[in-house]
Amino acid sequence: MNINKDTKLSDLLTAYPWLKTELSTVNEKFRMLNTPMGKVMLKKATVGEMSRRSGMDEAELIEKLTKLIKSHQ
């Protein structure tokens, strides 16, 4: 899967279900995805929005997500 700023988090989690539990290794702020509020955000969030909310640079987030996914293949 090609990850860019418009990639939906829900699409990533459909393709890589294990990613939800490991997102906190990318950024501590992603732990909130395991809360009731996080479950609501999962359906709408894009990588670009994740970048803004976490304070991470978009390119850095995409790179870390890509590396994490490749490490599981």
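Residues numbered from 1 in each chain as written. Predicted model: local features only at pLDDT ≥ 70, side-chain atom pairs only at ≥ 80, totals over all residues. Heavy atoms only, no water.

Chemist: Residues and numbers for the pattern of salt bridges, please.
Modeler: Any two side chains of opposite charge can pair, so long as their charged atoms come close to each other. Applying the stated criterion across every chain yields a total of four salt bridges. Notably, a salt bridge pairs Glu28 with Arg31, separated by 3.0 Å at the nearest N-O pair. Since its relative accessible area comes to 51%, Glu28 is described here as exposed. We note a salt bridge from Lys64 to Glu60, for which the minimum N-O separation is 3.6 Å. With Lys64 and Glu60 both in helix 5 (residues 58-71), this residue pair falls four residues apart, about one helical turn. Residue class for Lys64 comes out partly exposed when judged on its relative accessible area of 35%. (Salt bridge = Lys/Arg side-chain N within 4 Å of Asp/Glu carboxyl O. Buried < 20%, exposed > 50% of the residue type's maximum accessible area, 1.4 Å probe, protein only. Helix = DSSP H or I, 4+ residues; strand = E, 2+ residues; numbered from the N terminus.)

Chemist: Could you give an account of the nonpolar core, with specific residues and numbers?
Modeler: A general tendency of soluble globular proteins is for nonpolar side chains to be buried together. Core analysis: the biggest nonpolar cluster contains 20 residues, and Leu9, Leu12, Leu23, Phe30 and Leu61 have the highest contact counts within it. Those elements giving two or more residues to this core turn out to be helix 1 (9-15), helix 4 (47-54) and helix 5. Considering every element that reaches this core, the biggest residue donor is helix 5, with five residues. Filtering out sequence-adjacent residues up to four positions away, Leu12 remains in contact with Met1, Ile3, Thr7, Leu19, Val47, Leu65 and Ile69. (Core = buried A, V, L, I, M, F, W, Y, C linked by side-chain atoms within 4.5 Å. Contact = heavy atoms within 4.5 Å.)

Chemist: Could you give an account of the environment of Lys8, with specific residues and numbers?
Modeler: By the secondary structure assignment, Lys8 is in the segment before helix 1. Distance in space between the C-alpha atoms of Lys8 and Ile62 is 12 Å, their sequence separation being 54 residues. Among residues more than four places away in sequence, those in contact with Lys8 are Ala45 and Thr46.

Chemist: Which residues make up the environment of Glu60, and what values do they have?
Modeler: Looking at Glu60, the relative accessible area reads 33%, which means it is partly exposed. It is 25 Å that separates the C-alpha atoms of Glu60 and Val40, two residues lying 20 residues apart in sequence.

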